[in-house]
Amino acid sequence: MAHILIVEDDPHIARALKLNLEAEGYDASISADGQTALALLGESSTTIDLVILDLMLPGLSGYAVCESLRNRQCEIPIVILSARTLTEDRVRGFDSGADVYLHKPFDLEELLSVVRNLLNRRSRGRIDAEQKTTGKGATYAFGDASVNFDTYEVTVHGKLVRLTTLEIKLLRYFIEHEGMVVSRSELLEEVWGLAHTPTTRTVDNFILNLRKTFEQDPANPRHFLSIRGTGYRFVARPQTDPPTGDG
């Protein structure tokens, strides 16, 4: 039985979430502040499989909780549930390491769907990189880069670089679908866990960041290619000249 931690200072929302999650067969706990949540997550005897996190918490904000967990190399899925609706709030949430950002008031069925998908994805474990490995474990190399999906260690030109949790997830999805054209809507659903999302430049901005990190010339990418009107395609070992029509 998956154990979900609800970090929410509104007792009515927290109790409602707990009731509905338990009705779905999950084990649910409540923490009313960030410090208590971090202490609970730090206990070796406590197994938490997913965190539902409010942002406006007493003492320690949800952003700080999220950043602290990711700095510990904690890979637990984090769903931010917040009344903050501005784009900069969503961007900061993702940059802090959140997997999904939902607005209050939220749709219960959508939240439960997100929870199911994140837990299923977590249970499938890390990617099997046997056919694509160039080193130990889940290390994958392309161009001048090497990525270890077990430790989140990324090197480019022999130097360590840091990616956010969401950038790692996006990179892993591209590697798993190397050579295939993937649409923005597919990426939003499979990486961000967002379904029926209107057109957004969120994906485009993340692709720009990946290009800045991994491409020798981000303006003329050879690995992360744009397919006009469709989406993107990842090429691990490009030909000498980039394919025409991609940019």
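Reading the values: rules and limits
Residues numbered from 1 in each chain as written. Predicted model: local features only at pLDDT ≥ 70, side-chain atom pairs only at ≥ 80, totals over all residues. Heavy atoms only, no water. Helix = DSSP H or I, 4+ residues; strand = E, 2+ residues; numbered from the N terminus. Contact = heavy atoms within 4.5 Å. Areas by Shrake-Rupley, 256 points an atom, 1.4 Å probe, with all protein chains shown as cover. Pairing = 2+ DSSP bridges. Axes fitted to C-alpha atoms, helices over the stretch in contact; angles between N-to-C directions. Expected span 1.5 Å × (residues − 1). Buried < 20%, exposed > 50% of the residue type's maximum accessible area, 1.4 Å probe, protein only. Arc of directions from axis to C-beta. Polar contact = N/O pair within 3.5 Å; in protein donor to acceptor, adjacent residues only side chain to side chain. Phe/Tyr/Trp six-rings, centres within 6.5 Å; stacked < 30°, edge-to-face > 60°. Parallel < 35°, antiparallel > 145°, perpendicular 65-115°, else oblique. Nonpolar A, V, L, I, M, F, W, Y, C, P; charged D, E, K, R; others polar. Disulfide = S-S within 2.5 Å. Right-handed = clockwise from strand over helix to strand, strands pointing away. pLDDT = per-residue confidence, 0-100. Core = buried A, V, L, I, M, F, W, Y, C linked by side-chain atoms within 4.5 Å.

So, on to the overall build of the protein. Helix and strand counts for the protein stand at eight helices and 12 strands. Considering only intrachain contacts with a sequence separation of at least 6, the fraction spanning at least 24 residues in the protein is 57%. Summed over all atoms, the accessible surface of the protein reaches about 12700 Å², with 48% contributed by carbon and sulfur.

Let us now look at the sheet that holds strand β4 (residues 78-82). Sheet strands pair by backbone hydrogen bonding; their relative direction is either parallel or antiparallel. One open sheet accounts for five strands, arranged β2-β1-β3-β4-β5; its pairing is parallel. The open sheet terminates on both sides in strands that have one partner only, identified here as β2 (27-31) and β5 (100-103). Taken over all neighbouring pairs, the strand axes of this sheet differ in orientation by 20° on average, direction set aside. As paired strands, strand β3 (residues 50-53) and β4 are joined by three bridges and run parallel to one another. If you follow L53 over to β4, its bridge partner there is I80. Together, β1 (3-7), β2, β3 and β4 form the strand contacts of helix α1 (residues 11-23), whose direction differs from that of β2 by roughly 170°.

Turning our attention to helix α8 (residues 202-214). Residues that lie three or four places apart on an α-helix share one face, since the helix turns once every 3.6 residues. Between its first and last C-alpha atoms α8 spans 19 Å; for 13 residues at 1.5 Å apiece the expected length is 18 Å, and the two agree. For α8, every residue scored as buried is listed here: V203, D204, F206, I207, L210, R211 and F214. Buried residues of α8, seen end-on, are gathered within an arc of 160° and therefore sit on one face of the element.

Here we come to the side chain of S82. Among the structural elements, S82 can be located in strand β4. Among the polar contacts listed, one links the side chain of S82 to the backbone nitrogen of R84, at a separation of 3.0 Å. Residues in contact with S82, not counting those within four places in the same chain, are D54, L55, Y101, L102, H103 and K104.

Within this structure, the stated rule accounts for nine aromatic pairs. On the basis of an interplanar angle of 90° and a centroid distance of 5.1 Å, the ring pair of W192 and F206 is categorised as edge-to-face. You can see W192 sitting in the loop between α7 (184-190) and α8 and its partner F206 sitting in helix α8, a full 14 residues away along the chain. Residues W192 and F206 agree in their burial class; the two are buried. With a centroid separation of 6.1 Å and an interplanar angle of 40°, the aromatic rings of F214 and F224 are classed as tilted. Taken together, the positions of F214 in helix α8 and F224 in strand β11 (residues 224-227) put the pair 10 residues apart, joining distant regions of the chain. A residue is classified by how much of its surface remains accessible, and F214, at 6% relative accessible area, is buried.

Before going further, it helps to examine the packing of helix α3 (residues 62-71) against helix α4 (residues 87-96). Orientation of α3 relative to α4, taken along the N-to-C sense of each, is 25°, at an axis distance of 8 Å. Between α3 and α4, the interaxial angle falls into the category roughly parallel. For the pair α3 and α4, the contacting residues are Y63, C66, E67 and R70 in the first and D89, R92, G93 and S96 in the second. A breakdown of the residues in the contact of α3 with α4 according to their chemical character gives two nonpolar, two polar and four charged.

Before going further, it helps to spend a moment on the state of the cysteines. Think of a disulfide as a covalent bridge from one cysteine sulfur atom to another cysteine sulfur atom. Under the defined criterion, the tally for this structure stands at zero disulfides. Not engaged in a disulfide, the cysteine C66 finds its nearest cysteine sulfur in C74; these two sulfurs lie 9.4 Å apart.

Here we come to the pairing of β4. A regular strand places its side chains so that they alternate between the two faces of the sheet. For β4, the buried fraction is high: five of the five residues fall into the buried class. Each parallel crossover has a hand, and for β3 linked through α3 to β4 it is right-handed. With four bridges joining them, β4 and β5 adopt parallel strand pairing. Along β5, the bridge assignment pairs V79 with V100. Chirality of the crossover, the property in question, places the unit of β4, α4 and β5 among those that are right-handed.

Further remarks concern the confidence of the model for the protein. Summing up the model confidence of the protein, the mean pLDDT is 84 and the portion of residues at 70 or higher is 86%. Mean pLDDT values over the elements of the protein span from 83, in helix α5 (residues 108-123), up to 95, in β3.

It is worth spelling out the nonpolar core at this point. Counting 72 residues, the largest nonpolar core has I52, F142, F174, L187, W192 and F214 as the members making the most contacts within it. Looking at which element gives the most residues to this core, the answer is helix α6 (residues 165-176), with seven residues. Not counting chain neighbours up to four residues away, the residues in contact with F174 comprise V182, L187, I207, L210, F224, Y232 and F234.

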